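# Geometric and topological summary
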Amino acid sequence: MSEAKTDLVDVQIDGVWHRFPKGTRMIEACRQAGVEVPHYCYHPKLTSPGNCRMCLVEMGLPPRPAPGAEAPEPDEDGHLPISWMPRPVIACANTVGPNMGIRTTGPLTEECRKGVMEFLLANHPLDCPICDQAGECSLQEFSVEHGKGESRFREQKVKKPKNVDVGPRIRLDDERCIMCSRCIRFTDEIADDPVLGFTDRGSHTVLTVYPGRELANNYSLNTVDICPVGALTSNDFRFQMRVWFMRETHTIDTNCATGCNITVFSRQNKIYRITPRQNNEVNSDWMPDSHRLNYHWIESEARLTDPLVKEGGHHRIADWSEALATAADRLSSLKGGEIAVIASARMTNEELLLVKRLAKQLKAGHLDTVARTGEADGYLISSDRNPNTNGAKLILGLENPGSGIAAIQRGIEEGRIKGLLVLQENIVDEAGFSPELLGKLDFLLSTYPIANATADASHLVLPGACWAEKSGTMINATGRLQRLNKAVDAPGQTFEPWEIVRDLIQATGGGNGVHAVTDIFKQLTAEVEAFAGLTWGQIGDLGLPLLETDVTIPLLEREKQRIASGLIVG
Amino acid sequence: MSGISYKSGREPHPKEHRVVFRNVDREGWDTSLATYLGEGGYEQWKKALQLPRQEIIDAVKQSGLRGRGGAGFPCGVKWGFIPPTNTKPVYLICNADESEPGTFKDRYILHQDPHQLLEGMAISCFAVGANLAYIYIREEFPEAAVIVEKAIAEAHEKGLLGKNILGSGFDLDIFVHRGAGAYICGEETGLIESLEGKRPYPRIKPPYFPAAMGLYLCPTIVNNVETLCHVKHILEIGAEAWAKTGTPNNTGTRILCVSGDVQKPGYFEVEVGKVTLGEVINEMCGGLKPGRSLKAVIPGGSSAKVLRAGDVYSVGRGDDARELTLWDIPMDFDTLAACGSMAGSGGVIVIDDSRPISWVLNNINGFYAHESCGQCTPCREGTLWMKKITDRLVAGQASPSDIDTLYGVAKNIDGRTICAFGEACAWPTESFIEKFRDELTSDTRPELEGAIVNSETLTAAAGL
Amino acid sequence: MSLAVPTALEKEIDDRITHYPVSKRSAVLPVLHLLQHQFGHITEEAIEWTAAKLELEPIKVLEVVTFYPGFRQEAPGKYHIRVCRTLSCAMAGSYELMDSLCEKTGIDRSGVTHHHPIAVSPDGKYSIEFAECLASCGFGPVCMVNDDFHEKVSDADSLLSQYSK
Ligand SMILES: Cc1cc2nc3c(=O)[nH]c(=O)nc-3n(C[C@H](O)[C@H](O)[C@H](O)COP(=O)(O)O)c2cc1C
Ligand code: SF4
Ligand code: SF4
Ligand code: FES
Ligand code: FES
């Protein structure tokens, strides 16, 4: 047998020989060979109960010669013949072995799948037209492929609870539940909040939240994502939009320095839903509810949609050319040392590169960002609530972002600083600048997506796009370079911050015009050592490690342990 | 069995060979340690403690003892599955869940001869290196739990259990664990989950073979009550002598439990393969009821495939090839398997011509629908579906194609589930339809073909 | 509301828990048995008491309680009767026995469902349910009254007369 010296084994999948590390789960081997085995209960990040039986496949091994009989001859490639087992096996929990054969098609496998589908649909309410999961329901998907045309089930269906509030954000329809136990395993194994369980038994088994308790932990909505059917639904998303109408944008969460990979679902510039996107180096398959749901403000009435110029104590709408001219005019009357720039660690690397240029061009005496911290949750949420602190350090050359804020406050207080540019921050509410203090300035310019106290105090307010409306790169807490991708258009006359900063540079003294964020990225690769040699495309959907840090993500560390102990595939 | 007398009306049948049931229904016998010691009790335990462990395992292997709990797996071979490199603690569990319909044997050992079981268990624990063992007793045997616990306490007192037993340096604790009314706790991995305090959901195998990853994920040997008792006798008379009882590959004695349509139902310990089904029914059980004829026999607990009266079974190969009527079938593992059924748990259910087959099958389906743990799809959905079809069948609300559906449902469960309950629940339906299709069909109404039997299921498969 | 567990019972429970040196969780069944024996059925308080005692999440106890028919979540009568429903006993007349026991005790089983298997007599003295094979199939019909076992029960009256107080 042509078993390599390493622990690779030869496995025949649907007639074609492949080679996999010994111990690979059959379902993963098939996936690597480009064959998707349908499954419900299996999830690589959770333990495998093998309960749905959807992944049954035909399996074979070399024939065991009867005692005294000749051993079978290998063929010219060294493969032995395969004798197929009469009983199917589950691909999700069994592992590949030497000279194993797997058939994911053929009469036995097909019969098994049809049978399981028929069973799952027997007591299912078949209410797809009014189900939220329609379009991304694995039951619906597989039943089209593997189901029987019409049901032989002529009996009364089992009645179960419907429309149960299992927590503040989630509702449960037990008649749709296929008892795959994914949600239970998630709450037990990942969220450490075991409030879900099965009660009763047999066909009467129901998924239940313990009476008087709630599925309320900050990771609860992940259960909705992994529920293969429409049994668990999100109150935030329910009945909002059919999934097939929506556009999907792969981007990252900017609520903290972890930078969970996410997919933004939108239609006609409205965000309907955010879900985690798998990245085993960042957020695995999960994300916190608080981050996932922090998007409704994007379509708030309070969005800034036009540049505003203050006249006689009141803001009036201006167009961009007037706004930029005003900025140039007011800044030209100030000396470099009298100008301070406060940027944001929520800005992309590209934006920060332009910020650095602007500050340099203005010869600004101060340049800093606002630090934003909170408690780390021991799962995914970082204590650093800025998504790009590492970018701010690297590109602006800040050793300790936020440490210069006090000096700026003092400078204003003492009249040394007369002009302040606040880029994508609200320093009144988030950096301790009082409106009185800001009142001492000759010129205050701020950019921000939404009306705020700093804007109120500003002479010139520029509407800057929020994270969902812009593209660029960021460096997360572990030093990973990741891409932010624009999901929706910003409202009104709002510009992406890099465009605003570029225009400010041009208005205050020229500079080369960049027309795309990728152009700035190219400049980064030329100007910032760590970026040398990188291309935009290389970063891809999953990012790449850029900086060495000693930061780890607790949830991922635990996941690694479970992988090492063989509990999960990972 | 000289000198032993049995309670009047409870005497063993002359064709019996009492080993494990020697003291059941015995005149003057009680469950005390003193009584047991009075007849050489725990002598084999003392002997075992002096033996190399492997010697005991080899003896059990040599004896050919096959599990009496249902699957008939060779006991010594199972013990040998504990990984040789194992460094974890090893546990032994006695399966006293006795819940396969038609089976009533372990209860008498628990109620009347607990020390025999404890001695068998102790020897087995020593052989496999277990210092902690449990007896999983079904909840419906409350008295048995009390009796066995008392026996354990007595044995402790006499230093036969506990620390440093009889100065051997070997420690052993045995505890009783009571179930709570679930057939699935008889399935060994369901039992283990139950003993761990969880829902008794059977585990997937691989990887959770109990001998490698059982209780608390440590190597665990699960054996039936009757199996463990035999270990004592193998040691007592020697593997070779023990293997002389019974028939080749079907050695020893086993207890048959007969119920249903016979004159005198009951339990009988016989040499495996030495009595035929006909002898069991006609001689041991006094025959069928007056004026009745035999319709069918379920030979090994309700999960075993049914045998139809009047059928001829071809068994054996080559020189040994024979044709047997149902009456001639010797009650052993291999022949019953060759007849397309199994010896199972030893529960023989006799069905005469007064019983409608649809009623019998419906009763059995009711059992499995009630007992499915509900963990895996085919069994969870299929057991209740099968019951609902036979509910309609007995109510005259089924059409001929329902029989095909019923058969299809059973086939879709069989071989595709997590645990052997899948086969256990599918085999009755499969075999009853294979053997009695005409009778079942005669209970259906062709005019119901295509008719709506449950308006509620009309819900269109919209979108699907 | 918390459960008032008598000291002696709690001691017994603590003693039972020592039978499971590897994992306290294993003691779920014995603890529930002892509580049910004391209180007649398993209440929500009993579930929470057990969970606290064994340092488990209450859902893990509820999952177990609801799985097993041996644990009742509703109060039974003073005498709880379990009649074997399975094949051999059914052949021996257990359905007829059930009917006649119900008739004699005035129990109405029409409301019995999978989730509520127990029916209680109007005076609360008797309750009844079907059980699956009680492992005495040769001597059916078989039933249990509380912890007592009865074989070949041919006459409901003589059975009930033993539990008339
Ligand atoms: C559904 C199911 C129920 C079972 N019930 C019992 C039982 O009540 N008692 C028993 O000893 N074995 C029972 N078994 C068999 C056990 O899983 C196991 O094989 C047996 O206890 C091993 O003991 P043995 O080798 O001594 O027979 C059952 C198996 C299945 C699949
Ligand atoms: S609710 Fe969804 S995830 Fe949970 S067990 Fe049911 S089908 Fe599976
Ligand atoms: S086959 Fe039935 S009893 Fe066994 S695990 Fe599956 S559902 Fe449970
Ligand atoms: S995916 Fe559910 S059994 Fe394999
Ligand atoms: S069928 Fe009633 S005790 Fe077995």
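Per chain, residue numbering runs from 1 following the sequence as it is written. Chain letters start at A and ligand numbers start at 1, both assigned in the order the entries are written. Selection of residues for local features in this predicted model requires a pLDDT of at least 70, selection of side-chain atom pairs for listing and counting requires 80 or more, and totals for whole chains, interfaces and linings are taken over all residues. Values shown for side chains rest on all heavy atoms present in the structure; no hydrogens or waters enter the calculation.

## So, the overall build of chain A
Stated precisely, the cut-off is as follows: Each helix is a run of DSSP H or I of at least 4 residues and each strand a run of E of at least 2, with the numbering of both proceeding from the N terminus. What makes two residues a contact is simply this: any of their non-hydrogen atoms within 4.5 Å. With residues, only the protein chains shown are counted as cover, and all accessible areas are computed by Shrake-Rupley using a 1.4 Å probe. We treat Lys and Arg as the positive residues and Asp and Glu as the negative residues; His and chain ends play no part in the count. Every charge is mapped to an atom, namely NZ of Lys, CZ of Arg, CG of Asp or CD of Glu.
Regarding its fold elements, chain A presents 17 helices and 24 strands. Along the longest, intermediate and shortest principal axes, the C-alpha atoms of chain A span 100 × 55 × 35 Å. By sequence separation, contacts in chain A at least 24 residues apart represent 68% of the contacts at least 6 residues apart. As displayed, chain A offers around 22300 Å² of accessible surface, 50% of which is attributable to carbon and sulfur atoms. Both charge centroids of chain A, one from 60 positive and one from 75 negative side chains, sit 2 Å from each other.

## Here's the deal with the domain arrangement of chain C
Short version of the rule: Start and end points for every domain follow an automatic or database-based domain assignment.
Looking at the assigned domains, one finds that chain C contains domain 1 (7–67) and domain 2 (79–161). For domain 1 of chain C versus domain 2 of chain C, the separation of C-alpha centres amounts to 28 Å.

## Details of helix H6 (residues 94–105) of chain C
Residue and element names in this part refer to chain C. How we decide: One fewer than the residue count of a helix, multiplied by 1.5 Å, yields its expected span. Each residue is placed in one exposure class: buried if its accessible area under a 1.4 Å probe, protein chains only, is under 20% of its type's maximum, exposed if it is over 50%, and partly exposed if it falls in between. By arc we mean the arc of the directions from the helix axis to the C-beta atoms, nothing more.
Here H6 contains twelve residues, and its C-alpha end-to-end distance of 16 Å stays within 8% of the 16 Å for a straight helix at 1.5 Å per residue. All of the buried residues along H6 are Ser94, Leu97, Met98, Leu101, Cys102 and Thr105. Take H6 and look down its axis: the buried residues cluster within an arc of 130°, on one side only. Exposed positions of H6 whose direction lies more than 90 degrees from the buried face are Glu96, Asp99 and Glu103. Elements that come into contact with the buried residues of H6 comprise strand E1 (79–84), helix H5 (87–91), strand E3 (126–131) and helix H7 (156–161). Positive backbone phi, approximately 70°, marks Gly106, located one or two places after H6.

## With respect to the site of ligand 1
Residue and element names in this part refer to chain B. Inclusion rule: Any residue with a non-hydrogen atom lying within 4 Å of a molecule or strand is treated as near it. Distance and chemistry together define a polar contact, namely a pair of N or O atoms within 3.5 Å, with one atom able to donate a hydrogen and the other to accept it when in protein, and with adjacent residues in sequence counting only for side-chain atoms on both sides.
Around ligand 1, a shell composed of 19 residues is seen, among which Gly69, Asn95, Asn223, Asn224 and Thr227 lie nearest. A distance of 3.0 Å separates an oxygen atom of ligand 1 from a polar atom in the side chain of Lys78. Within the backbone of Ser99, an N or O atom sits 3.3 Å from an oxygen atom of ligand 1. Calculation on ligand 1 without its partners gives an accessible area of 610 Å², and the protein chains cover 91% of this total. Looking at which element gives the most residues to the shell around ligand 1, the answer is strand E4 (residues 220–224), with three residues.

## Digging into the site of ligand 3
The test is simple: Each residue is assigned to one of three groups, with Ala, Val, Leu, Ile, Met, Phe, Trp, Tyr, Cys and Pro labelled nonpolar, Asp, Glu, Lys and Arg labelled charged, and all others, Gly among them, labelled polar.
Residues in contact with ligand 3 amount to 13 residues; listed here are only the nearest, Cys373(B), Cys376(B), Cys379(B), Thr417(B) and Cys419(B). Considered class by class, the residues forming the shell around ligand 3 number eight nonpolar, five polar and no charged.

## Digging into unusual backbone geometry
Peptide bonds are, in most cases, trans, and in most cases residues other than glycine have a negative phi. Following Lys205(B), the chain continues to Pro206(B) via a peptide bond in cis, the omega torsion being -5°. For Pro206(B), the position within the fold is in the loop between helix H8 (188–195) and helix H9 (210–213). The omega torsion of the bond from Pro206(B) to Pro207(B) falls at 5°, within 30 degrees of zero and hence cis. Structurally, the position occupied by Pro207(B) is in the loop between H8 and H9. One non-glycine residue, Asn163(A), adopts positive backbone phi at about 55°. Mapping Asn163(A) onto the fold places it in the loop between helix H3 (138–146) and strand E7 (164–167).

## Quick look at the pattern of salt bridges
Using the following cut-off: Take a side-chain nitrogen of Lys or Arg and a carboxyl oxygen of Asp or Glu: if they are within 4 Å of each other, that pair is a salt bridge.
Tallied over the full model, the rule gives 74 salt bridges over all chains. Here Arg203(B) makes a salt bridge to Glu196(B), at a shortest N to O gap of 2.9 Å. The pair Arg203(B) / Glu196(B) is uniform in exposure class, with both members buried. Connected through salt bridges with shared partners, the residues Asp127(A), Lys162(A), Asp173(A), Glu175(A) and Arg176(A) form a single ionic network.

## A short note on the packing of helix H1 (residues 7–17) of chain C against helix H2 (residues 28–39) of chain C
Residue and element names in this part refer to chain C. Cut-off, in case you're wondering: Axis geometry follows a simple rule: fit a line to the C-alpha atoms, using only the stretch in contact for helices, then measure angles between N-to-C directions, giving values from 0 to 180 degrees. Just so you know how the angles are binned, under 35 degrees is roughly parallel, over 145 roughly antiparallel, 65 to 115 roughly perpendicular, and the rest oblique. In a left-handed crossing the near helix is turned counterclockwise from the far helix by less than a right angle, and in a right-handed crossing that turn is clockwise.
Across the interface, H1 lies against H2 with an axial gap of 9 Å and an inter-helix angle of 160°. Looking at the two axes, H1 sits roughly antiparallel to H2. In this structure, H1 crosses over H2, and the sense of that crossing is right-handed. Between H1 and H2, the residues in contact are Leu9, Glu12, Ile13, Arg16 and Ile17 and Pro30, Val31, Leu34, Leu35 and Gln38, respectively. Residues that form the contact of H1 with H2 fall into these classes: seven nonpolar, one polar and two charged.

## Focus: the domain arrangement of chain A
Split by domain assignment, chain A resolves into domain 1 (2–105), domain 2 (157–299) and domain 3 (308–554). For domain 1 of chain A versus domain 3 of chain A, the separation of C-alpha centres amounts to 54 Å.

## Here we look at the packing of aromatic side chains
Selection rule: A pair of aromatic rings is counted whenever rings of Phe, Tyr or Trp (Trp by its six-membered ring) have centres within 6.5 Å, and the orientation is called stacked for planes under 30 degrees apart, edge-to-face for over 60 and tilted otherwise. Remark: a charge is flagged as sitting over a ring if the NZ atom of Lys or the CZ atom of Arg is within 6 Å of the ring centre and within 35 degrees of the ring normal.
Evaluation of the coordinates by the stated rule reveals 32 aromatic pairs over all chains. Here the aromatic residues Phe21(B), Phe104(B), Tyr108(B), Tyr267(B) and Phe139(C) are joined through ring pairs into a cluster of three or more. Here Arg273(A) stacks its cationic end above the ring of Phe265(A), 4.2 Å away from the centre of that ring. Between Arg18(B) and the ring centre of Tyr6(B), over which it is positioned, the NZ or CZ distance is 5.5 Å.

## Some words on the sheet that holds strand E16 (residues 314–317) of chain A
All names here are of chain A. Selection criterion: When DSSP finds two or more bridges between a pair of strands, those strands are recorded as paired.
Spatial ordering of the open sheet is given by E16-E15-E21-E20-E19-E17-E18, a layout of seven strands whose pairing is mixed. With one partner strand each, in any of the chains shown, E16 and strand E18 (366–369) form the two edges of the open sheet. The mean angle between the axes of side-by-side strands here comes to 15°, regardless of whether they run parallel or antiparallel. Together, strand E15 (308–311), E16, strand E17 (339–343), strand E19 (419–423), strand E20 (443–448) and strand E21 (460–463) form the strand contacts of helix H7 (residues 320–332), whose direction differs from that of E21 by roughly 135°.

## Remarks on the interface of chain A and chain B
Applied cut-off: Here the buried area means the combined drop in accessible surface, using a 1.4 Å probe, for two parts upon being joined, counting both sides.
Each side of the interface is counted separately: chain A has 46 residues, and chain B has 49 residues. Together chain A and chain B conceal approximately 3900 Å² of surface at their shared face, both sides included; 51% is due to carbon and sulfur atoms. Here chain A and chain B share four salt bridges between them. Ionic pairing is found between Glu423(B) and Arg87(A), a salt bridge with its closest N-O pair at 3.6 Å. Counting across the interface, chain A meets chain B through 19 residue pairs in polar contact (both at pLDDT 80 or more). Elements that contribute at least two residues to the side of chain A that touches chain B include exactly helix H2 (107–122), H3 and strand E9 (196–199) of chain A. Considering every element that reaches the side of chain A that touches chain B, the biggest residue donor is H2(A), with nine residues.

## Looking at the interface of chain C and chain B
Listed per partner, the contact involves 40 residues of chain C and 59 residues of chain B. Around 3900 Å² of area is buried between chain C and chain B when both sides are counted, 60% of it from carbon and sulfur atoms. Together, Phe67(C), Leu87(C) and Met91(C) form the three largest contributors to the area buried by chain C at its contact with chain B, with a combined 18%. Run the count over chain C and chain B and you get two salt bridges. Between Arg82(C) and Glu139(B) there is a salt bridge, with the nearest N and O atoms lying 2.9 Å from each other. Counting the contacts that link chain C with chain B gives 17 residue pairs in polar contact (both at pLDDT 80 or more). The set of elements that each furnish at least two residues to the side of chain C that touches chain B consists of H2, helix H4 (58–67) and H5 of chain C.

## Considerations on the pairing of strand E23 (residues 480–484) of chain A
Residues and elements named next belong to chain A. Buried residues dominate E23, accounting for five of its five residues. Both faces of E23 are covered, namely the face carrying Arg480, Gln482 and Leu484 and the face carrying Leu481 and Arg483. The antiparallel hairpin formed by strand E22 (residues 472–475) and E23 contains four residues in its connecting segment, where Gly479 sits at a positive phi of about 95°.

## Points about the side chain of Asp97(B)
Residues and elements named next belong to chain B. With respect to the secondary-structure elements, Asp97 resides in the loop between strand E1 (90–96) and helix H5 (106–112). Despite its burial, Asp97 pairs with no opposite charge; the closest candidate is Arg138, at 5.4 Å N-O. The contact partners of Asp97, leaving out residues within four places of it in the chain, are Tyr136, Arg138, Ala182, Tyr183, Cys185 and Gly186.

## Describing the sheet that holds E1(B)
All names here are of chain B. Here we have four strands laid out as an open sheet, ordered E3-E2-E1-E4, and parallel in their pairing. Since the sheet does not close on itself, it has two edges, and those belong to strand E3 (173–178) and E4, each with one partner. The mean angle between the axes of side-by-side strands here comes to 20°, regardless of whether they run parallel or antiparallel. Note: E1 against E4, five bridges, orientation parallel. Bridge assignment links Tyr91 to a residue of E4, and that residue is Thr220. Strand contacts of helix H7 (residues 142–157): strand E2 (130–137) and E3, with the helix running at about 170° to E3, the strand carrying the most contacts.

## A closer look at the confidence of the model for chain C
Which entries qualify depends on this criterion: Across the chain, each position has a pLDDT score giving the predictor's confidence in that residue, from 0 to 100.
Across chain C, the average pLDDT comes to 96, with 99% of residues at 70 or higher. For this predicted complex, the interface confidence reaches an ipTM of 0.97, while the overall pTM sits at 0.95.

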